[in-house]
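Examining the three-dimensional arrangement
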Amino acid sequence: MKIWLDGGLTDMESARVSVLDHGLTVGDGIFETVKAVAGRPFALTRHLDRLTRSARGLGLPDPDLDEVRRACAAVLDAHPVPLGRLRITYTGGHGPLGSDRGEHGQTLVVALGETTRRPDSTAVITVPWTRNERGALTGLKTTSYAENVVALARAREQGASEALFGNTVGQLCEGTGSNVFVVLDGELHTPPLASGCLAGITRELAAEWTGAVETDLPLDVLDRADEIFLTSTLRDVQAVHRVDGRELPGAPGPVTAKAMRVFEERSGDDLDP
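Residues numbered from 1 in each chain as written. Predicted model: local features only at pLDDT ≥ 70, side-chain atom pairs only at ≥ 80, totals over all residues. Heavy atoms only, no water.

Quick notes on the side chain of E67
Our working rule: Numbering of helices and strands runs from the N terminus; a helix is a DSSP stretch of H or I covering at least four residues, while a strand is a stretch of E covering at least two. Each residue is assigned to one of three classes by its accessible area relative to the maximum for its type, calculated with a 1.4 Å probe on protein chains only: buried under 20%, partly exposed between the two thresholds, exposed over 50%. Neither His nor the chain ends is counted toward charge; the positive residues are Lys and Arg and the negative residues Asp and Glu. Whenever a carboxyl oxygen of Asp or Glu lies within 4 Å of a side-chain nitrogen of Lys or Arg, that contact is scored as a salt bridge. Side-chain atoms alone can form a polar contact between residues adjacent in sequence; in general such a contact is a pair of N or O atoms within 3.5 Å, and within protein one must be able to donate a hydrogen while the other accepts it. The contact rule is simple, with two residues in contact once any of their heavy atoms fall within 4.5 Å.
With respect to the helices and strands, E67 occurs in helix α3 (residues 65–78). Buried E67, no salt bridge; nearest opposite-charge side chain is R70, N-O distance 5.1 Å. Looking at E67, its side chain comes within polar contact range of the main-chain nitrogen of G7, at 3.5 Å. Residue contacts for E67: discarding those within four places in its chain leaves W4, D6, G7 and L108.

Some details on helix α2 (residues 44–58)
Which entries qualify depends on this criterion: In a helix, the anticipated span is given by 1.5 Å times the number of residues less one.
Here α2 spans 21 Å end to end across 15 residues, near enough to the 21 Å set by a 1.5 Å rise per residue. When α2 is considered as a whole, its buried residues turn out to be L44, R46, H47, L48, R50, L51, T52, S54, A55 and L58. Buried residues along α2 sit in contact with β3 (29–37), β4 (40–41), α3, β5 (83–91) and α5 (201–210). G59 sits one or two positions beyond α2 and adopts a positive phi of about 80°.

Here we look at the environment of R101
Turning to its location among the elements, R101 is positioned in the loop between β5 and β6 (107–114). What makes R101 partly exposed here is its relative accessible area of 35%. With 73 residues separating them along the chain, R101 and D28 place their C-alpha atoms 8.8 Å apart. For R101, the contacting residues outside a window of four places in its chain are H22, D28, L58, G59, L60 and P96. Looking at R101, its side chain comes within polar contact range of the main-chain oxygen of L58, at 2.8 Å.

Remarks on the environment of Y90
Mapped onto the fold, Y90 is located in strand β5. Along the backbone, Y90 and T143 are 53 residues apart, and their C-alpha atoms lie at a distance of 9.0 Å. Setting aside its immediate chain neighbours within four residues, Y90 contacts G29, I30, A55, L60, P61, D62, P63, Q106, T107 and L108. At 2.8 Å, the side chain of Y90 and the backbone oxygen of P61 are in polar contact.

Here we look at the pattern of salt bridges
Scanning the entire structure with this criterion turns up 12 salt bridges. A salt bridge links D62 to R56, with the nearest nitrogen and oxygen atoms 2.7 Å apart. The exposure class assigned to D62 is partly exposed, which follows from its relative accessible area of 39%. Linked by salt bridges that have partners in common, R46, E204 and E208 make up one network.

Describing helix α4 (residues 146–157)
So the rule is basically this: Read the arc as the range of directions from the helix axis to the C-beta atoms.
If you check α4, its first and last C-alpha atoms are 17 Å apart, about what 12 residues at 1.5 Å a residue would give, namely 16 Å. For α4, the complete set of buried residues consists of N148, A151 and A155. In an axial view of α4, the angular spread of the buried residues amounts to 70°, which keeps them on one side of the axis. Pointing more than 90 degrees away from the buried face of α4 are the exposed residues A146, V149, R156 and E157. Of the surrounding elements, those touching the buried residues of α4 are β7 (121–131) and β8 (162–167). G159 occupies a position one or two residues after α4 and carries a positive phi of about 75°.

Quick look at the sheet that holds strand β2 (residues 8–11)
Two modes of strand pairing occur in sheets, parallel and antiparallel, and in both the strands are linked by backbone hydrogen bonds. Counted only if it meets this: A pair of strands counts as paired when DSSP detects no fewer than two bridges linking them. Note on method: axes are straight lines fitted to C-alpha atoms, helices fitted across the in-contact stretch only, with angles between N-to-C directions ranging 0 to 180 degrees.
The strand order β2-β1-β6-β5-β3-β4 describes an open sheet built from six strands, whose pairing is antiparallel. The sheet is open, and its two edges are formed by β2 and β4, each paired on a single side. Note that β5 and β6 share eight bridges and pair antiparallel. Note that in β6 the partner of L86 across the bridge is L112. Of the strands in this sheet, β3, β4 and β5 touch α2, which is tilted by about 175° from β3.

Here's the deal with the state of the cysteines
How we decide: Criterion for a disulfide: a pair of cysteine sulfur atoms at a distance within 2.5 Å.
Evaluated as defined, the whole model comprises zero disulfides. Unpaired in this structure, C173 has its nearest cysteine sulfur neighbour in C197, at a distance of 5.4 Å. C173 sits in the buried class, given a relative accessible area of 1%.

Observations regarding a negative patch on the surface
Quick note on the threshold: Like-charged residues are merged into a patch within 9 Å and nonpolar side chains (Val, Leu, Ile, Met, Phe, Trp, Tyr) within 5 Å, provided each residue has over 30% relative accessible area and no salt bridge. Residue exposure ignores everything except the shown protein chains as possible cover, and the areas themselves are Shrake-Rupley values with a 1.4 Å probe. To locate a charge, take NZ of a lysine, CZ of an arginine, CG of an aspartate or CD of a glutamate.
A contiguous patch of negative charge on the surface is contributed by E264, E265, D269, D270 and D272. Here E264 lies in helix α6 (residues 254–269).

Let's talk about the pairing of strand β11 (residues 187–190)
Stated formally: A right-handed crossover is one whose linking path, passing over the helix from the first strand to the second, runs clockwise when the strands point away from the viewer.
With three bridges joining them, strand β10 (residues 179–184) and β11 adopt antiparallel strand pairing. Bridged to V183 within β11 is L188. What sits between β10 and β11 in their antiparallel hairpin is a turn of two residues, with D185 showing a positive phi close to 50°. Sheet analysis places β11 next to strand β12 (residues 213–214), joined by two bridges and oriented parallel. Bridged to H189 within β12 is V213. Crossover β11 to β12 through α5 is right-handed.

Structure below.
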């Protein structure tokens, strides 16, 4: 497998990043995960726009998006797969062991891994930890992901593929790597960005294409929602058939099934919507 590292392709075995890279030592970096279909990226422009927003939120220089596009194309050409996870990572680069940044420039890595289509439905759990809707990193897709690692491990222990968070005021927020939608009395709702959730690309498209409404939702809405589904780059739209101990028989329900169908059709028609 070939990886793009700081200006060119290299073999995965020989790719090296400094042990003093700020992305490693203090999590000073951002990333995007892009779905690749038959060697082509999906919604790349939206992902690169968010990459830039995240960089500015961390105070990093704007990434060179022309180089990022070249890197994505080169990696995809070097390793064509039917369905892939294209990972763009951009860090503060070589720096001191503390939190201050160095002056050596940033690190850009683009890598690709093959993946498979997700099941139509999944189980999720809620976790006791909260998202901080007022934090310095709120809404940024950063490499400071340890909180998600811990929560996802808890979900795996309980036979689930995702963990859902509330925020500090008890509202439904998001998953470790997904956004969440609920159906109430036939209407589709998703938490607003003010809840502290990430502005997911798939969330944004699903809301546009289905007419979902942004609504402040208490975390216990999961106990009474008629249907629940997740959205993310590799899940697309995925129904939830169990939340904690609550079963949702027949998932995907009719509203979710329609959302799945609409997303599949619209995303198939335009790879860069």
